[in-house]
Amino acid sequence: MKKFLIYIGLILTLCVSCDNYVDIKTEGKLSPEETVNFRYLLNNSNIYNKSYGLVDVASDDIVMRDDHATYFNKYATSAYYRPYIQVYKYADSIYFTGETDSNMNVMYTSLYYSNVVIADVMDSKNGTYEEKIKLKGEALVHRAFALLNLVNIFGKAYDATTSSTDLGIPLFTTPTVDQKIERASVKKVYETIVSDLTEATEAGLVNVNSDRNVAFPSKASAHALLARTYLMMGNYTEALKNAEAALALQNTLLNLENYINVGNNGFPKTYQDPELILSKQTTATYAYSPMILSLSDEFLNTFDSKDLRYQKYTRPITTMTNGVIPSGRAYCKELLTGESRNAGPTVPEMYLIKAECLARNNDVAGAMNAINTLRKARFLAAEYYDLTATDAEDALVKVLQERRRELMGVAGFRWADLKRLNKDSRFVKTISHPFLTETFTILPDGNRYQFPFAPIYFELAPDLQQNN
């Protein structure tokens, strides 16, 4: 059975179009021989340029008011829409028996192909050492991103005291289907991520990729993902070091004042966005009803009405649904770009990580300088004002609030932040999601902070352990 599957049945279309790139040498293993074939494999952005999109529905940023819920119940009962509601309700099962998790599938597909490159490229023919090590470096970044994305969704938040026993995800580091399918510890997964990205920073990758190449890993992206990883681990010294390394290579911010009068499809596309360090587009789109990301009043009230992110990235739901859903405001950046949200590391994320780490290190002035550098690009010049802080704790609170506003609606940032911040008594939070006559609540230590695996995977992999 396992030889028929590729990573617990997640890669359902593995061999489609593979003949252009590789030779199938043995069952379940791809073995390109020429170095150039690995380049062709890594050029397939449809495989690597993906992230897990469904998680954005789970956070406290999102609410489903009665008119939205009523509309959803009436018109959206299909398997395509149902997972949205199940995640919102913190359900014990998101998918029905027999259904696969398409978001999870694409992440493990990326992981498999990354492993093909990592395992075999250095032994390939007719390529220089420099060419091979760069290709391996790209694959290491892609693998690390997939693992970090998945462990933040299905595993517990990193805790140094328990990570060696906390369940993470199935961890595959070789392109084989014979491996026993069980969950590695959170610690083991994070060790792999850190090792991959550290090696990638020394692989001779180009410093920065932009324009049509932004989906290809760069040295800046390796440092940026290391900064993200160390932040999730609570290692603020290394997070700061890597955020600053990424910013030393790429630090351009998009001045929203230049786009104040721009409408739908008028914002920079992925290949035009100077803030984007590595493209990783989400698999789900929430641009149209009923899949709109309706923002909670509690979250919306954290904005200054002059904040251009509020003015441009949110809008009344009624204007997005032709009046069908009249209440509230929704995240709308997808309409402005004409593309799915991007979960890849960005320049703003690096400023936010830098600011948080400095605040945690009692560098109040440094933290506020970093956060204000970002904020200046988010207000009209005539209406901008610096944030100030009375002490390190006040600085940390304000930085985290700014992080929530800047990273809303994308990449599961808020969900991952809730998980890690719930370990700090200053920031623990109980979330309630209303849905018509019911309310669904998740406690700070709730089991549903770890997404449940789709039931079908236990039929295919009996050693896999479910999140309770």
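Above this text sits the structure in question.
Numbers given to residues run from 1 along each chain, matching the order in which its sequence is written. Local features in a predicted model are, by the rule used here, given only for residues with pLDDT of at least 70; side-chain atom pairs are given and counted only at 80 or more, and totals for whole chains, interfaces and linings are based on all residues. Side-chain measures were taken over the full set of non-hydrogen atoms in the model, leaving aside hydrogen atoms and water.

Caption draft 1: Just the overall build of the protein chain, in detail. Under the DSSP-based scheme used, a helix requires at least four consecutive residues in state H or I and a strand at least two consecutive residues in state E, with every element numbered from the N terminus. When its secondary structure is counted, the protein chain shows 18 helices and 11 strands. C-alpha atoms of the protein chain, sized along the principal axes, occupy 60 × 50 × 45 Å. Between buried and exposed lies partly exposed: a residue is buried under 20% and exposed over 50% of the maximum accessible area for its type, with that area taken using a 1.4 Å probe on protein chains only. Of all 468 residues assigned to the protein chain, the portion counted as buried reaches 59%. Areas reported here follow the Shrake-Rupley algorithm with a probe of radius 1.4 Å; residue values treat only the protein chains shown as occluding. Approximately 18,500 Å² of the protein chain is accessible, and the part contributed by carbon and sulfur atoms is 47%. In this tally, Lys and Arg are treated as positive and Asp and Glu as negative; His is ignored, and so are the chain termini. Think of each charge as sitting on NZ of Lys, CZ of Arg, CG of Asp or CD of Glu. Treating the 49 positive side-chain charges of the protein chain as one cloud and the 54 negative ones as another, the clouds have centres 1 Å apart.

Caption draft 2: The arrangement of the nonpolar core in detail. The criterion is simple. A nonpolar core is a set of buried Ala, Val, Leu, Ile, Met, Phe, Trp, Tyr and Cys residues joined through side-chain atoms within 4.5 Å. One finds Tyr52, Phe154, Met350, Trp415 and Phe451 to be the most contacted residues of the largest nonpolar core, which totals 138 residues. Per-element accounting of this core gives the leading share, 14 residues, to helix α6 (residues 129-154). Discounting chain neighbours no more than four positions away, the residues touching Phe451 are Tyr52, Val55, Ala58, Val87, Ile94, Ile153, Phe154, Trp415 and Asn467. Every residue pair with non-hydrogen atoms within 4.5 Å of one another is taken to be in contact.

Caption draft 3: Main features of empty space enclosed by the protein. We place a 1 Å grid over just the protein atoms. Points where a 1.4 Å probe fits but has no way out form a cavity, open points with protein on both sides within 12 Å along at least 5 of 7 lines form a pocket, and any residue with an atom within 4 Å of a point lines it. Grid points are joined across faces, edges and corners, and a volume is the space filled by probe spheres set on the points. On inspection of all chains with the given rule, the structure shows eight cavities of 30 Å³ or more. Roughly 430 Å³ of volume is contained in the largest cavity. Lining the largest cavity are 26 residues, with Asp273, Tyr331, Lys333, Asn342 and Thr346 sitting closest to its centre. At three residues, the largest contribution of residues to the lining of the largest cavity is made by helix α13 (residues 333-337). The residue inventory of the lining of the largest cavity, partitioned by class, reads 11 nonpolar, six polar and nine charged. In this structure, the second largest cavity encloses a volume near 130 Å³. As for the second largest cavity, its lining consists of 13 residues, of which Asn149, Asn152, Ala411, Gly412 and Ala416 are closest to the centre. Breaking the lining of the second largest cavity down by element, the ones donating at least two residues are α6, α8 (219-233) and α17 (413-421). When residues of the lining of the second largest cavity are assigned to their parent elements, the largest contribution, five residues, is made by α6. All amino acids are sorted into three groups, where Ala, Val, Leu, Ile, Met, Phe, Trp, Tyr, Cys and Pro are nonpolar, Asp, Glu, Lys and Arg are charged, and the leftover types, Gly among them, are polar. Of the residues that constitute the lining of the second largest cavity, the class distribution is nine nonpolar, three polar and one charged.

Caption draft 4: Quick peek at the side chain of Arg448. Counting through the fold element by element, Arg448 comes out in the loop between β11 (438-442) and α18 (456-460). In this structure Arg448 comes out as buried when scored by relative accessible area, which is 10%. N or O atoms closer than or at 3.5 Å make up a polar contact, with two conditions inside protein: a donor-capable atom paired with an acceptor-capable one, and, for residues adjacent in sequence, both atoms drawn from side chains. Within the local environment of Arg448, its side chain forms a polar contact with the side chain of Asp92, the two groups lying 3.0 Å apart. For Arg448, the side chain forms a polar contact with the main-chain oxygen of Asn468, separated by 3.3 Å. Here Arg448 is in contact with Tyr90, Ala91, Asp92, Trp415, Ile442, Asn467 and Asn468, once residues within four sequence places are set aside.

Caption draft 5: Quick look at the sheet that holds strand β9 (residues 329-331). Strands qualify as paired when DSSP identifies two bridges or more between them. Pairing within the open sheet is antiparallel, and its three strands lie in the order β7-β9-β8. One side of each edge strand has no neighbouring strand; the edge strands of this open sheet are β7 (294-295) and β8 (314-316). With two bridges connecting them, β7 and β9 associate as antiparallel partners. Counterpart to Leu295 in the pairing with β9 is Arg329.

Caption draft 6: Structural view of the side chain of Thr337. Along the chain, Thr337 turns up in helix α13. Within the local environment of Thr337, its side chain forms a polar contact with the backbone nitrogen of Glu339, the two atoms lying 3.2 Å apart. Discounting residues that sit within four places of it in the chain, Thr337 has contacts with Asn265, Phe267, Pro268 and Lys269.

Caption draft 7: Representation of the packing of aromatic side chains in the model. Any pair of Phe, Tyr and Trp rings, taking the six-membered ring for Trp, is counted once the centres come within 6.5 Å. Such a pair is stacked with planes under 30 degrees apart, edge-to-face with planes over 60 apart, and tilted for the rest. One pass over the full model with this rule turns up 22 aromatic pairs. A centroid spacing of 6.1 Å and a plane angle of 90 degrees characterise the contact between Tyr112 and Tyr113, whose relative ring orientation is edge-to-face. By the burial criterion, Tyr112 is buried, and Tyr113 matches it. Ring plane angle 80 degrees and centroid distance 6.4 Å describe the contact between Phe154 and Phe451, whose orientation is recorded as edge-to-face. Placement of Phe154 in helix α6 and of Phe451 in the loop between β11 and α18 is noted, with a sequence separation of 297 residues between them. The burial state of Phe154 is the same as that of Phe451; both residues are buried. Clustering of aromatic rings is evident, with ring pairs tying together Tyr52, Tyr90, Phe154, Trp415, Tyr449, Phe451, Phe453 and Phe458.

Caption draft 8: Looking closely at the pattern of salt bridges. For this document, the term salt bridge refers to a Lys or Arg side-chain nitrogen within 4 Å of an Asp or Glu carboxyl oxygen. Per the stated rule, a full pass over the model turns up 29 salt bridges. One salt bridge in this structure joins Asp159 and Lys423, with 3.3 Å as the shortest N-O distance. Of the two residues, Asp159 sits in the loop between α6 and β4 (167-170) while Lys423 sits in the loop between α17 and β10 (431-435), which places them 264 residues apart along the sequence. For Lys423, a relative accessible area of 47% gives the class partly exposed. Here Lys398 and Asp394 are joined by a salt bridge, their closest N and O atoms 3.3 Å apart. Placement of both Lys398 and Asp394 in helix α16 (residues 392-406) is noted, with a separation of four residues, approximately one turn of the helix. Overlapping salt bridges bring together Glu275, Asp307, Arg309, Arg375, Arg378, Glu402, Arg405 and Glu406 as one network.

Caption draft 9: Molecular detail of the pairing of β11. As paired elements, β10 and β11 share five bridges and run antiparallel to each other. Its bridge partner being in β11, Pro434 is matched across the sheet by Thr439. Hairpin geometry of β10 and β11 is characterised by an intervening segment of two residues between the two adjacent antiparallel strands and by a positive phi of about 55 degrees at Leu436.

Caption draft 10: Highlighting the environment of Ala381. Counting through the fold element by element, Ala381 comes out in the loop between α15 (364-375) and α16. Distance from Ala381 to Glu257, taken between C-alpha atoms, is 7.7 Å for residues 124 residues apart in sequence.

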